[in-house]
Each structure stands twice: as C-alpha cells, then as structure tokens.
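Residues per chain, in single letters:
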Amino acid sequence: MTIRLYDTATRGVRDFVPLQEGKAGLYVCGLTVQSEPHVGHVRSAVNFDVLQRWLRHRGYDVTFIRNVTDIDDKILAKAAERGLPWYAHAARMTRELDRAYAALNVAPPTYEPLATGHVPEMVELITELIERGHAYAAEDGSGDVYFDVQSWPQYGELTRQRIDDMEAAEDADPRGKRDPRDFALWKGHKESEPATASWPSPWGRGRPGWHIECSAMAGKYLGSAFDIHGGGVDLRFPHHENELAQSRAAGHPFASYWMHNAWITTAGEKMSKSLGNSLAIPAVLETYRGIELRYYLVAAHYRSHVEFSFEALDEAAAGFRRIEHFLERAADVVGEIGSAGMPCADFVNAMDDDLGTPAAVAAIHEVVREGNRLLAGGDSAALRGNAASVRAMLAVLGLDPADPVWQTGASGHEEQLTAAVDALVSELLEQRAAARATKDFAAADAIRDRIKSAGILITDTPDGPTWSLEAGTK
RNA sequence: GGUGGGUUGGCCGAGAGGCGAGGCAACGGACUGCAAAUCCGUGUACACGGGUUCAAAUCCCGUACCCACCUCCA
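Residues numbered from 1 in each chain as written. Chains lettered and ligands numbered in written order. Predicted model: local features only at pLDDT ≥ 70, side-chain atom pairs only at ≥ 80, totals over all residues. Heavy atoms only, no water.

Let's shift gears to the sheet that holds strand β3 (residues 23-28). Pairing is parallel in the open sheet, where four strands are placed in the order β4-β3-β9-β10. Sheet topology places β4 (61-66) and β10 (254-261) at the edges, where each strand pairs with a single neighbour. Here the strands of the sheet are splayed against their neighbours by 25 degrees on average, with no regard to which way each runs. With seven bridges joining them, strand β9 (residues 225-232) and β10 adopt parallel strand pairing. Across the sheet, the residue bridging to H229 is W258, located in β10. Seen against the sheet, helix α1 (residues 39-57) touches β3, β4, β9 and β10 and runs at an angle of roughly 150 degrees to β9. (Pairing = 2+ DSSP bridges. Helix = DSSP H or I, 4+ residues; strand = E, 2+ residues; numbered from the N terminus. Axes fitted to C-alpha atoms, helices over the stretch in contact; angles between N-to-C directions. Contact = heavy atoms within 4.5 Å.)

Printed below as a string of structure tokens:
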C-alpha cells in the first residue's frame, strides 16, 4: 500500500512516487509576517505538519522547508502604521507565529529560510530568466524586473487558465510592463520606502517580488526538482502559477505534486485580518487548549472548507476529551502507556488515502470504544496494547497528550499546581467517601457538586474515584 | 467573462454505485445510593427536477443557492 495524494495540477489522487526512493522533499509556503496569526493561518501549518508526520511515519526521510516572508508591501505598510522599523515588526510577528506553532505542536521544519536571507539566490534566478528571454527590466527606469508571461506558453498550466481569459486587476498599474499580466520579479526601490528595505542588484537597488522568493528558496534547499509543494488554496493563483512558470522557464522541473489546503471561514466569510483578532491564536488559547484546537483542525479533511464556530470547537474538545479520558483511565489500570504501539489498519488506510484524517479519527474512536469495554472487562494485557495503539495514532496526528510539548508554559510550576489541586481534591473525596459510608448522600453529593463547579470531573471507578479537568477548560 | 469548490440527519463532519464513518446532542436500557464516566440500543440524512441502472447521496443532463481565485490573503 502506498500513500496517495491529491495533486492540484492533475486534479486527482495519485500514488506518491518520490524522486528518490525513501526520501521526500516538501516545500510549504509559510506566512508573510505582517500581523498576528489567526486560526486560518495555523490550519495550513497543522495540515502540512500532519503530512510531514505521516510521511515520516511511513519511513520517508523528509526534508521539510517552510519559509518566512519577512519583506513585502504589507509588512512595510503595517510597520509604518505602528511606527516601527519594518524588520522589527517582521521579527515581532515571526516570534508571535512561532509561539502559535508551538502552542499547536506544529513541528519546526527542517529549515525555515527567511526571504531577506536569500536575495542573492533570487537575483541569480532573475538573471537566468533574463538571459533566457523570459524576463525583462522595465523600460520606464523604475528598476522593476518583470516576468514575460507571453514568452512562456505553458503559463496557466497549474490552474488551467488561459492568459486571455484572465481579468485584469482593477488597480492594475501597467508601469513598465509589456503585458498587464506580467508579474514583478524585482521591485525597484522607491523614495517613499525605507532605504533598509532595499538590496543591491544588477538593476539597481530594490527588493524581491513575492513569487521569486519561494522559487529561489525551494531550489536552494530541495534542488531543481522536488516532490511536494504545498500552501493554501488562495495561493494556487497567482503565487504558485507564477512560481511554476518562473522555475520551469529557468530550466527547473520544480514540484511533482501540488497540495492545497482549503479555507476556514467565519460567518461564511473568509477569515481575513480585517475581521478583527477574535480568532487570533493567543485569544483562542485563552479558552481552549492548543491540543483541542489542533484536534478540531485535524478532524476535518484538509481539502474541505471548514466553517469555524466556537460551538463546533466545543464539540471537538468534548470528543477529544473522550479519547484523552480513556488514556487516563487506562493508565490508572495498566500503568504507563508505552509509545511503541501500532496504529490500527483502518487508521493507516485512511491516512494513506490522501491524509483521510476524519476517517483516521473515527478509527481512533473505534479503538477507544473497544478499550473502554476492556476497561470494564479487566483484560489488562489487551488493554495495554489497545491504549498504546491509541497513543501511537494520536502521536502521528500530533495529538499525543503525553507529549511534553503540551506541558508548555510554567512547566515545573504547572506540576506544582496539579499536585496542589490533587491534595485538595483528594481530601474532599475522602470526606465524600466517609459521608457515603454513613449513607449521608446529601453531604456526599454536595461535595461532588462543589468539586464539579470548580471545573473538575469526578469519575468513580472500582478502585475509587479519580479526578480530571472538564472539557473546554484550560 | 474565465477557473475551481460546495449544498449530507438537531449540530459538526466523512463517504463517492449495493452493508447507515465517527463525534456532539437527544431518547431508552445496563451500571450507580443518585449521578457522572462507560457500555448496549434507538435515525427511513444526502439542495431541487429529470435520466442511466436490477440498484444512485455516489454516474449523466438541467435548475437553484453558496463560496473561493483571476497579480503579492494560509
């Protein structure tokens, strides 16, 4: 059984055949660090993190590149608004993004190149394109360099659009373009922009265009040809179309597979920065744990549009707690649950089929139900294997509750808190046990209600009561 | 105008010709002092109209509505 992936270029699911056996090169367009990351941004990161984890699980040696675009129009504009140097703003937003990734257990890529660190590579690529007759320096003296779309007949191949059908942008500024659809490879420095936002080049000082960055960085770290290129659906055109055109025009085969994750919307609208920051990651994490948000994102297929709602997030959190609670109870019975478990066949088949995470999650729930049955039946050997399997499947999805990454923040402090709560709750539970022993159920229930109102769930087991935090709380 | 995607039960969300994914909620039963947790059970869902087929949520034709992209939004 091989992994099958949906390829946007061919519009279908295909067997994944890497260029080099046993290896997989993956490039994903990271963010332009212009503002605080929101739920939509991390969906893309989580989706491709799952892909990367699954490829590794299936034995591939993965080189995963996710870039950071740290110079562009919007960064310059936002920084000016906030009265900061553009690089200070970019650095601050990059840190913000790193925090969001960490909070959701998005593993760091193999390399995380910055656009500003690869200007020479971009200049080299642009020079090559000019030499091959696919790019030209603007004749208006602006210092801009454009890609000549008419010189590349395959332009539009990724999204199957014909150049002549494309609508010219309303605000299209022809400047020194030969064709309004030509796109900028290099942007000449403007007096209105900070001098620090420009680099020397054969065409004068300036800064790189957006599309060229990814071609240059993918080429540098993955080579002329590589396996998978990913990003959000919105990037198909123009960004990926342009990347493909400029890379191939420069003589590089580029990506074999193109993968795109769908949007997450709110109130039927695209989650854009203008909708405010209620869905900014730090805000969501005030109410929900990162692992719960990740579960919510993973439970939907990456190519399905998701309509975000806190109600749906609540449900997802409840569903996740069911799994988590099973692991806690299993651990009480069999001791520590090993990390060497095996995913069940349904899970593997689901994941191999274009990362079918919804079916994979359903498979986990099936194993959990079986495990809960064993928990009542008392076959601890079977239970141990069962729980280990659940843990292994969760781990592949980046959702293993025992993974130390979830114990972020105050670490030792948190453990102390848990111990403190445990001491207090245990005392209350003893009082409740005493009350029950004397059949004073009113008193016993009052104690239980008191604990529950603090957001703590009591589970009575044959070995006595245990406590855990209720779903939806941090 | 061009390109692509969508419409599934109270809700979220899979599936892609024939056994009702899974979760949340609800109801019944078991367990419990009562609960909770857990287990067992309970649903005549596939936008609409035609068609193909022994068989359609799934294929074909048409209609409606929604969404995304068309030069720098994941």
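Further remarks concern the sheet that holds strand β7 (residues 183-188). Read from one edge of the open sheet, four strands run β5-β6-β7-β8, paired in antiparallel fashion. Each having just a single partner strand, β5 (135-137) and β8 (206-208) make up the two edges of the open sheet. Pairwise comparison of adjacent strand axes, ignoring direction, gives a mean angle of 20 degrees for this sheet. Two elements, β7 and β8, share three bridges in a ladder whose sense is antiparallel. If you follow K187 over to β8, its bridge partner there is R207. Of the strands in this sheet, β5, β6 (145-147), β7 and β8 are in contact with helix α4 (residues 119-131), which crosses β7 at around 120 degrees.

On to the packing of helix α11 (residues 357-377) against helix α12 (residues 380-396). Interaxial distance between α11 and α12 falls to 9 Å at its minimum, and their mutual angle equals 155 degrees. Accordingly, the angle class assigned to the pair α11 and α12 is roughly antiparallel. At the point where α11 passes α12, the crossing takes the left-handed sense. Of the residues in α12, those in contact with I364, V367, V368, E370, G371, L374 and L375 of α11 are A382, L383, N386, V390, M393 and L394. Looking at the contact of α11 with α12 residue by residue, the class counts come to 10 nonpolar, two polar and one charged. (Parallel < 35°, antiparallel > 145°, perpendicular 65-115°, else oblique. Left-handed = near helix turned anticlockwise from the far one by under 90°. Nonpolar A, V, L, I, M, F, W, Y, C, P; charged D, E, K, R; others polar.)

Here we take up the pattern of salt bridges. When charged atoms on two side chains of opposite charge get close, those side chains can pair. Following the criterion strictly, the structure yields 26 salt bridges and no others. Residue D7 pairs with R14 through a salt bridge whose shortest N-O separation is 2.7 Å. Judged by relative accessible area, R14 falls into the partly exposed class, the value being 29%. A salt bridge links R207 to E193, with the shortest nitrogen-to-oxygen separation between them at 3.0 Å. Of this pair, R207 sits in strand β8 while E193 sits in the loop between β7 and β8, placing them 14 residues apart in sequence. Three or more residues are tied together by salt bridges with common partners; here these are D73, K187, E193 and R207. (Salt bridge = Lys/Arg side-chain N within 4 Å of Asp/Glu carboxyl O. Buried < 20%, exposed > 50% of the residue type's maximum accessible area, 1.4 Å probe, protein only.)

Domain parsing of chain A yields domain 1 (7-275), domain 2 (308-406) and domain 3 (413-469). On a C-alpha basis, the centroid separation for the pair domain 1 and domain 2 is 36 Å. On the side of domain 2, 17 residues touch domain 1, which itself brings 17 residues to the contact. In total, domain 1 and domain 2 occlude about 1300 Å² of area from one another, counting both sides; carbon and sulfur atoms represent 66% of this. (Domains from an automatic or database assignment. Buried area = accessible area lost by both parts, 1.4 Å probe.)

As a further point, take the pairing of β10. Most of β10 sits inside the fold, with seven of its eight residues counted as buried. Handedness of the crossover is the feature at issue here: the chain leaves β9, passes through helix α6 (residues 236-249), returns alongside β10, and the resulting connection is right-handed. (Right-handed = clockwise from strand over helix to strand, strands pointing away.)

In this section: the packing of aromatic side chains. All chains considered together, the criterion is met by 16 aromatic pairs. Aromatic side chains F16 and Y60 sit 5.4 Å apart centroid to centroid with 70 degrees between the ring planes, which places their arrangement in the edge-to-face category. Placement of the pair is F16 in the loop between β2 (12-15) and β3 and Y60 in the loop between α1 and β4, with a sequence separation of 44 residues. F16 gets classed as buried once you look at its relative accessible area, which sits at 3%. Owing to a relative accessible area of 17%, Y60 belongs among the buried residues under this scheme. Taking the centre distance of 5.0 Å and the plane angle of 15 degrees together, the rings of F147 and F183 count as stacked. Note that F147 is positioned in strand β6 and F183 in strand β7, a separation of 36 residues in sequence. Owing to a relative accessible area of 6%, F183 belongs among the buried residues under this scheme. We note R178 situated over the ring of Y136; from NZ or CZ to the ring centre the distance is 3.9 Å. Note that R303 overlies the ring of Y6, its terminal NZ or CZ placed 3.9 Å from the centroid. (Phe/Tyr/Trp six-rings, centres within 6.5 Å; stacked < 30°, edge-to-face > 60°. Lys NZ or Arg CZ within 6 Å of the ring centre and 35° of its normal.)

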